[in-house]
Amino acid sequence: MSAAGFEEHGPTVTRAWVLHPDITSDRDRREAGPALEEAVALAAALPGMQVVGAEIVPLPKVRPGLLFGSGKLEELGERFRDEEVELVLIDGPVTPIQQRNLERDWKVKILDRTGLILEIFADRARTREGVLQVELAALSYQRTRLVRAWTHLERQRGGLGFVGGPGETQIEADRRAIDEAITRLKRQLAKVVKTRDLHRAARRKVPFPVVALVGYTNAGKSTLFNRLTGAEVMAKDMLFATLDPTMRAVTLPTGLKVILSDTVGFISDLPTQLVAAFRATLEEVLEADLICHVRDIAHPGTEEQAEDVRAILADLGVAKETPVIEVWNKTDLLPPDERAALETIAARRDDILTLSAWTGTGMAPLMEAVTAALDEARSRQDLLLGFAEGKRRAWLYEQGVVEDEEQDEEGYRLRVNWTARQQARFRQL
């Protein structure tokens, strides 16, 4: 069988059922309907998965050992047997004890939200760093799991092996073996990250601002990226279609060149292992001069998604002074009256734009807004640089901000005309 999970005679399919536990005592819980839809979409994003059923399970409280009450447990078990379900995806956290007990009672494989997202990331990661980050996150997750082999399930594909099959025995390695693997991966990652740091340092010398596209997964970032750059980044109506960051140069109407960065999509309740593991992947966002927050404005939960994105940006430590433009995408999916109402709201704000990356409507105003955001007010300042500060002097010339220069016994006296952003970068050199 190939790494994609296909045998010579065709694809291997696992019959899966999705459950969303709606814990009624939790006032901060997500709305159950959209949450279940997202969980089904996550399951559909994994190759070889056939979702044969999905439902919301109201729970007054979580049962420590089995998650569900005995009556519901029996009812679900009968349904799974009738539908020949092999895998149950639970949209929420499942403890190792709960997983073991549910697997024993239902005679199916259990995968919680974290495990499912890790599986998808393992399937999508393409760059060396992405693959290593996923493996590291998976090992951290496995270390807390009581995972047993389920040999009656066909192995889906190469990868992490949560879904089941012969390769799953690898997960049964003891903690010492897992710890050794984690240490080895961290060592490999350190080398990869060091290489990327050198690339980033080289980019800092180039006088091009960085514009980062961020947003909830499936908001249309990659479609917008392709529309603006003419690139062919994978863009599908699928959660986590893009994992590894892609960067391209774009020329604005004024002739200013910028670096456009397409990043991994965010999601609510992102596994903590992945928040840490993909922090490096999202470092491009931390260094961005401008952030374009792309929203699927046609999605019923667009406000909740936007809050999740803002929370993750805050957790990452994105500076409050970094300008943000909200891009309300997928307006082509809205009824005409609703689209007109949103366009009226956006017209009153300088930091909101409506567009459709799919049809190309609204691209020109976006480019104008990006140009305006990056064309900051400039101020003149006199600098004195010592003779040993040749690199800093060269950087100023690369930025094109030097208006006049004189040399005396103390060093170089320069008159510069620069933006606050350039001034801040100069201080960091």
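Residues numbered from 1 in each chain as written. Predicted model: local features only at pLDDT ≥ 70, side-chain atom pairs only at ≥ 80, totals over all residues. Heavy atoms only, no water.

So, the overall build of the chain
Looking only at helices and strands, the chain features 14 helices and 15 strands. Here the chain, with 429 residues, has 48% of them falling under the buried criterion. Taking contacts inside the chain between residues at least 6 apart in sequence as the whole, the part at least 24 apart equals 70%. Here the chain displays about 21100 Å² of accessible surface, and carbon together with sulfur accounts for 51% of that area. (Helix = DSSP H or I, 4+ residues; strand = E, 2+ residues; numbered from the N terminus. Buried < 20%, exposed > 50% of the residue type's maximum accessible area, 1.4 Å probe, protein only. Contact = heavy atoms within 4.5 Å. Areas by Shrake-Rupley, 256 points an atom, 1.4 Å probe, with all protein chains shown as cover.)

Re unusual backbone geometry
For Lys107, which is not a glycine, the phi torsion comes out positive at approximately 60°. Examined against the element boundaries, Lys107 turns out to sit in the loop between α3 (96-106) and β6 (109-112). On the accessibility criterion, Lys107 (58% relative accessible area) is exposed. Although it is not a glycine, Asn218 sits at a positive phi angle of roughly 75°.

Remarks on helix α13 (residues 390-399)
Listed as buried for α13 are Trp395, Leu396 and Gln399. The buried residues of α13 all sit within an arc of 100° when viewed along its axis, so they share a single face. The positive-phi residue at the C-terminal boundary of α13 is Gly400, with phi of around 70°. (Arc of directions from axis to C-beta.)

Description of the pattern of salt bridges
For the coordinates displayed, the defined rule picks out 23 salt bridges. Between Arg30 and Asp91 there is a salt bridge, and its shortest N-O distance comes to 3.4 Å. On the criterion of sequence distance, the pair formed by Arg30 in the loop between β3 (14-23) and α1 (32-44) and Asp91 in the loop between β5 (87-90) and α3 is long-range, its members being 61 residues apart. Take Arg30: its relative accessible area is 25%, and that puts it in the partly exposed class. Asp91 gets classed as buried once you look at its relative accessible area, which sits at 7%. The salt bridge partner of Arg413 is Glu410, with a shortest N-O separation of 2.9 Å. Overall, Glu410 belongs to the partly exposed group, its relative accessible area being 49%. Each of Arg295, Glu303, Glu307, Arg310 and Glu326 takes part in salt bridges that share partners, so that together they form one network. (Salt bridge = Lys/Arg side-chain N within 4 Å of Asp/Glu carboxyl O.)

Remarks on the confidence of the model for the chain
Low pLDDT means the predicted atomic positions in that stretch should not be read closely. Overall, the prediction assigns the chain a mean pLDDT of 81, with 81% of residues at 70 or greater. Here residues 1-10 is a poorly scored stretch, pLDDT under 50, and it has 21 contacts once near neighbours within four places are set aside; other chains count. (pLDDT = per-residue confidence, 0-100.)

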